[in-house]
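So the chains spell out like this:
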Number of protein chains: 2
Amino acid sequence: MFDPVSAPASRNASIKNTPVKITDVAAAAGVAPMTVSRVINTPDRVSPDTTARVREAIDRLGYVPNLIAGGLSSRKSRMVAAVVPTIAHPMFAGVVQSFSDSMRQAGYQVMLSICGYEDSDDEALFRAVLGRRPDALLITGSGYSPAAWQMLIEAHIPVVEIWDVSSRPIDMVIGFDHAQVGGEVAAYFLVKGHDRFAVLAARDSRAMTRARGFNEAVTKAGAAVVLDQVMPAPSTIAAGRDGLRALLPFLDQRCAVFCSSDQLAFGVVTEARVQGVPIPEHLAVCGFGNLEISAMNEPPITTVSLEGVGTGRSAAAFLLRRLAGEGPRDGDRVQVPFRIIERATS
Amino acid sequence: MFDPVSAPASRNASIKNTPVKITDVAAAAGVAPMTVSRVINTPDRVSPDTTARVREAIDRLGYVPNLIAGGLSSRKSRMVAAVVPTIAHPMFAGVVQSFSDSMRQAGYQVMLSICGYEDSDDEALFRAVLGRRPDALLITGSGYSPAAWQMLIEAHIPVVEIWDVSSRPIDMVIGFDHAQVGGEVAAYFLVKGHDRFAVLAARDSRAMTRARGFNEAVTKAGAAVVLDQVMPAPSTIAAGRDGLRALLPFLDQRCAVFCSSDQLAFGVVTEARVQGVPIPEHLAVCGFGNLEISAMNEPPITTVSLEGVGTGRSAAAFLLRRLAGEGPRDGDRVQVPFRIIERATS
DNA sequence: CTGAAAGCGCTAACAC
DNA sequence: GTGTTAGCGCTTTCAG
């Protein structure tokens with residue numbers, strides 16, 4: 001039965017591995033490997049009797065099917081990749097979490113790539129990701145090199161870009177116009193009668209786009225931006241507190257500040273309390289993201305709300321629809337609605 | 001051009017795929033597939049001349065090597081799995097982020113599995129994870145079924161359990177004793193002269209273990225726990241504010257409250273300000289996790305600090321050492337140090 | 001330094 | 001229902 005000379009046998013008998021494989025199960029159950037495969041993947045096409053024998057063998061041997069091998073054969077990895085700049089930010093954490101939940105329910109594993117805010121070598125990044133042959137891809141919008149863009153196109157898998165609208169969408173999009181957000185916050189402040197403004201934005205292209213949109217709208221209205229400060233990304237509460245201190249010299253008159261995230265806004269509001277700056281009478285504050293910290297702070301903080309969890313879930317739904325074989329259709333490019341939630345700081 | 005009879009051709013020529021493969025590159029460069037493989041994986045063993053020709057072909061064809069196929073052959077997936085209950089909590093987000101960074105630098109992709117706080121079907125979970133044949137595994141400590149435990153053992157891959165010490169460690173451990181944390185917080189409060197206590201803990205086994213440790217130490221000291229409230233997991237600021245309101249009836253006398261997370265503690269402190277409860281004179285508060293929100297709040301919140309980022313990085317280092325071929329050694333079971341950071345709320 | 005042969009563990013496709 | 005054959009795209013191994 002056992003022939004020490006034959007190479008394959010010696011390989012199997014080697015050092016430590018106990019990689020029970022489909023042939024082992026098949027042998028133990030007295031069936032062909034294909035039958036084991038059917039028991040696992042299409043149980044209704046196997047007789048109850050055989051199924052029972054195979055199941056027993058699987059359990060007894062502790063067989064865990066090698067999905068990698070199966071994927072190579074079936075050309076489906078049942079893995080999807082998600083590329084985000086960070087998960088330290090609650091926004092992206094929420095997106096990844098809900099995306100992952102939805103995909104896992106559908107039997108997909110998520111490969112997570114955290115790429116940072118600096119667009120370093122996106123080609124290398126996508127090569128590493130696409131090399132694993134994910135069945136689909138979620139990426140955080142726009143700003144890749146042409147070569148990277150080309151790679152994504154040529155991967156021929158469903159792709160959903162989130163968080164930003166793109167001028168050259170690859171496939172599906174769930175995003176919004178960051179400049180427009182800034183513009184609407186400015187409009188909101190202007191309507192409330194403000195005429196002196198400040199911006200605190202993290203050094204992150206989207207945050208700075210929001211700031212730009214804000215600045216442009218303010219300037220167009222003939223009002224002044226007295227301070228436009230860029231903070232390190234990802235933004236922190238500490239940076240917000242610093243920001244308020246930087247703003248202090250300008251607070252001889254009433255002012256409204258737009259922060260590129262709720263963390264910054266919370267820092268501003270907290271430091272304002274310490275410094276005795278009355279909010280909203282003397283300083284109005286608007287954040288971005290509608291995190292719990294802005295809703296549950298005292299005073300609650302005015303902010304821009306987006307459907308963050310919704311984005312992850314929608315992205316999953318988009319991809320799953322495609323993976324189920326449906327083609328592209330209208331409505332694959334979605335503008336995430338946002339709105340200003342007025343609270344006590346403005 | 002199109003011949004419906006020849007099966008292989010029709011397969012390749014079919015619908016959408018442009019899967020450039022190693023044989024295509026080899027043909028284009030006039031070498032054997034193996035040489036292409038060498039150019040990619042062991043460039044120093046190929047002549048500069050050949051390398052140049054192959055590189056050119058790779059670039060021209062836009063070849064992205066199929067790492068899945070390579071992995072099947074080499075029996076290394078260069079993927080590692082990370083199983084955590086959530087990434088919505090900054091603690092785990094930090095761990096995953098730093099773990100992912102370290103692994104990615106070493107050429108590994110992270111497969112993320114978010115399992116939730118309810119230990120539902122851990123066997124199915126691990127089957128899905130191990131089926132992808134990760135080269136190594138990070139999991140969030142303890143509490144699996146014997147069958148699941150067995151699966152992990154039989155996978156014969158390096159495993160690191162984080163966040164909790166385990167009574168039956170699978171392999172490596174980077175964790176701490178949650179009951180001990182609770183005990184030390186109690187001791188800290190007792191030394192400060194407190195004799196009436198409360199606990200707010202999320203419905204999560206680790207958080208409740210911390211609460212239990214706290215309660216036991218308090219009781220042993222002959223002091224009273226006037227309120228021991230379980231909150232929904234994951235914990236929120238809102239739950240903390242609710243918690244303080246639940247505590248109000250007991251605040252006729254001085255009291256010290258231990259919260260199972262900084263979010264809860266922040267909620268308590270914020271609501272206390274609203275309700276006019278003086279902190280720390282009338283109510284002392286200690287959180288857990290040392291998130292930015294506790295350090296940067298006004299007043300800054302006393303809390304328990306752990307090396308969260310360090311955990312992710314250490315876990316990666318542990319696994320990478322094993323993946324590099326080193327065997328187990330002393331020091332593979334690490335107690336994460338924690339300490340109470342005294343701030344203005346106690 | 002380069003190539004040819006033989007799989008990795010599984011499943012699609014086609015018999016029976 | 002079940003088995004057989006032939007790969008999936010790569011790398012291991014061994015031969016030159």
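None of these values were measured; they are calculated from a predicted model.

Here's the deal with the overall build of chain A
For chain A, the helix and strand inventory stands at 14 helices and twelve strands. Its C-alpha atoms give chain A a radius of gyration of 27 Å, clearly above 20 Å, the size a compact globule of 346 residues would have. The dimensions of chain A, computed from C-alpha atoms along their principal axes, are 90 × 40 × 40 Å. Buried positions account for 51% of the 346 residues belonging to chain A. Summarising the internal contacts of chain A: among those between residues at least 6 apart in sequence, 70% fall at separations of at least 24. As presented, chain A carries roughly 14900 Å² of accessible surface, and 54% of it is formed by carbon and sulfur atoms.

Side note on the sheet that holds strand 4 (residues 159-162) of chain A
With mixed pairing, twelve strands are arranged side by side in an open sheet as 11(A)-5(A)-4(A)-3(A)-1(A)-2(A)-2(B)-1(B)-3(B)-4(B)-5(B)-11(B). In this open sheet, the two edge strands, each paired with only one partner strand, are strand 11 (333-335) of chain A together with strand 11 (333-335) of chain B. Pairs of neighbouring strands in the sheet enclose a mean axial angle of 20°, with direction left out of account. Here strand 1 (residues 79-84) of chain A runs beside strand 2 (residues 109-114) of chain A; their pairing, made up of six bridges, is parallel. Each bridged residue has a counterpart across the sheet, and for Val-84 of chain A the counterpart in strand 2 of chain A is Ile-114 of chain A. Sheet contacts for helix 7 (residues 122-131) of chain A: strand 1, strand 2 and strand 3 (136-140) of chain A together with strand 2 (109-114) of chain B; angle to strand 1 of chain A, the most-contacted strand, approximately 160°.

Things to note about the environment of Ile-279 of chain A
Residue and element names in this part refer to chain A. Looking at where Ile-279 falls in the secondary structure, it is placed in the loop between helix 12 (262-275) and strand 9 (283-286). Remark: the alpha-carbon pair of Ile-279 and Pro-299, spanning 20 residues in sequence, is separated by 8.6 Å. In this structure Ile-279 touches Val-269, Ala-272, Val-285, Ala-344 and Thr-345, once residues within four positions along its chain are discounted.

Quick notes on the interface of chain A and chain B
Facing 58 residues of chain A, the contacting portion of chain B comprises 58 residues. Buried surface at the junction of chain A and chain B, both sides included, amounts to about 5300 Å², of which 53% is carbon and sulfur. One can count two salt bridges joining chain A with chain B. Close ionic contact of Glu-298 of chain A with Arg-241 of chain B constitutes a salt bridge, the shortest N to O distance being 3.5 Å. Counting across the interface, chain A meets chain B through 26 residue pairs in polar contact (both at pLDDT 80 or more). Elements with a minimum of two residues in the side of chain A that touches chain B: helix 5 (67-74), helix 6 (90-105), strand 2, helix 7, helix 11 (237-247), helix 12 and helix 13 (292-296) of chain A. Residue classes in the side of chain A that touches chain B are distributed as 30 nonpolar, 15 polar and 13 charged.

A look at the relation of the copies chain A and chain B
Least-squares fitting of chain A to chain B yields an RMSD of 0.1 Å, with the superposition described by an axial translation of 0.0 Å and a rotation of 180°. In symmetry terms, the pair is related by a two-fold rotation axis. Of every C-alpha in chain A, the one belonging to Met-111 of chain A sits nearest the axis of rotation, 2.2 Å from it. Most of the interface of chain A is mirrored in chain B, where 100% of its interface residues again form contacts.

Re the state of the cysteines
Applying the stated criterion across every chain, the model contains zero disulfides over all chains. With no disulfide of its own, Cys-255 of chain B lies 11 Å from the sulfur of Cys-259 of chain B, the closest cysteine sulfur.

Details of the protein's contact with DNA strand C
In the vicinity of DNA strand C lie 25 residues, with Ile-22 and Tyr-63 of chain A together with Thr-35, Arg-38 and Thr-50 of chain B positioned nearest. Taken together, the sugar and phosphate atoms account for 67% of what DNA strand C places within 4 Å of the protein. With respect to DNA strand C, the backbone of Asn-66 of chain A contributes an N or O atom lying 3.1 Å from a phosphate oxygen. Of all elements in the fold, only helix 3 (33-41) and helix 5 of chain A together with helix 3 (33-41) and helix 5 (67-74) of chain B reach the threshold of two or more residues within the surface near DNA strand C. For the surface near DNA strand C, the per-class residue count stands at ten nonpolar, ten polar and five charged.

Focus on the nonpolar core
In this structure, Phe-99 and Phe-189 of chain A together with Phe-99 and Phe-189 of chain B are the most contacted members of the largest nonpolar core, which totals 96 residues. Core analysis: the next-biggest nonpolar cluster, separate from the first, contains 50 residues, Ile-237, Leu-244 and Leu-283 of chain A together with Ile-301 of chain B among them.

Examining helix 3 of chain B
Those residues of helix 3 of chain B that sit buried are Thr-35, Val-36, Ser-37 and Val-39 of chain B. On the buried face of helix 3 of chain B, the contacting elements are helix 2 (22-29) and helix 4 (48-61) of chain B.

A short note on the domain arrangement of chain A
All names here are of chain A. Parsing chain A into structural domains produces domain 1 (11-176 + 309-337) and domain 2 (178-306). Centre-to-centre, using C-alpha coordinates, domain 1 lies 39 Å away from domain 2. Contacts between the two partners involve twelve residues from domain 1 and, on the opposite side, 14 residues from domain 2. Of all residues in domain 1, Tyr-117, Trp-163 and Phe-176 give up the largest surface area on contact with domain 2, accounting jointly for 46% of the area buried on that side. Remark: the boundary between domain 1 and domain 2 carries zero salt bridges. The tally of links from domain 1 across to domain 2 stands at two residue pairs in polar contact (both at pLDDT 80 or more). Residues that form the side of domain 1 that touches domain 2 fall into these classes: seven nonpolar, four polar and one charged.

So, the sheet that holds strand 7 (residues 224-231) of chain A
All names here are of chain A. Taken in spatial order, the four strands of this open sheet run 7-6-8-9, and their pairing is parallel. Edge strands, defined here as strands with exactly one partner in the open sheet, are strand 7 and strand 9. On average, each strand axis in the sheet is tilted by 15° relative to the strand beside it, whichever way the strands run. By the bridge criterion, four bridges tie strand 8 (residues 255-259) to strand 9 in an arrangement that is parallel. The residue of strand 9 that forms the bridge with Phe-258 is Cys-286. On the sheet, helix 11 packs against strand 6 (196-202), strand 7, strand 8 and strand 9 and is oriented at approximately 145° with respect to strand 7.

Notes on the protein's contact with DNA strand D
Neighbouring DNA strand D are 25 residues; Thr-35, Arg-38 and Thr-50 of chain A together with Ile-22 and Met-34 of chain B lie closest to it. Near the protein, within 4 Å, the atoms of DNA strand D are sugar or phosphate in 64% of cases. One of the side-chain N or O atoms of Arg-38 of chain A is found 2.5 Å from a base oxygen in DNA strand D. Contact distances for DNA strand D include 2.9 Å between a base nitrogen and a side-chain N or O atom of Ser-73 of chain A. Looking at the surface near DNA strand D, the elements that each hand over two or more residues are helix 3 and helix 5 of chain A together with helix 3 and helix 5 of chain B. Per-class residue counts for the surface near DNA strand D are ten nonpolar, ten polar and five charged.

Thresholds applied
Residues numbered from 1 in each chain as written. Chains lettered and ligands numbered in written order. Predicted model: local features only at pLDDT ≥ 70, side-chain atom pairs only at ≥ 80, totals over all residues. Heavy atoms only, no water. Helix = DSSP H or I, 4+ residues; strand = E, 2+ residues; numbered from the N terminus. Rg over C-alpha atoms; globule rule 2.2 N^0.38 Å. Buried < 20%, exposed > 50% of the residue type's maximum accessible area, 1.4 Å probe, protein only. Contact = heavy atoms within 4.5 Å. Areas by Shrake-Rupley, 256 points an atom, 1.4 Å probe, with all protein chains shown as cover. Pairing = 2+ DSSP bridges. Axes fitted to C-alpha atoms, helices over the stretch in contact; angles between N-to-C directions. Buried area = accessible area lost by both parts, 1.4 Å probe. Salt bridge = Lys/Arg side-chain N within 4 Å of Asp/Glu carboxyl O. Polar contact = N/O pair within 3.5 Å; in protein donor to acceptor, adjacent residues only side chain to side chain. Nonpolar A, V, L, I, M, F, W, Y, C, P; charged D, E, K, R; others polar. Least-squares fit on C-alpha atoms with pLDDT ≥ 70 in both. Disulfide = S-S within 2.5 Å. Near = heavy atom within 4 Å. Core = buried A, V, L, I, M, F, W, Y, C linked by side-chain atoms within 4.5 Å. Domains from an automatic or database assignment.

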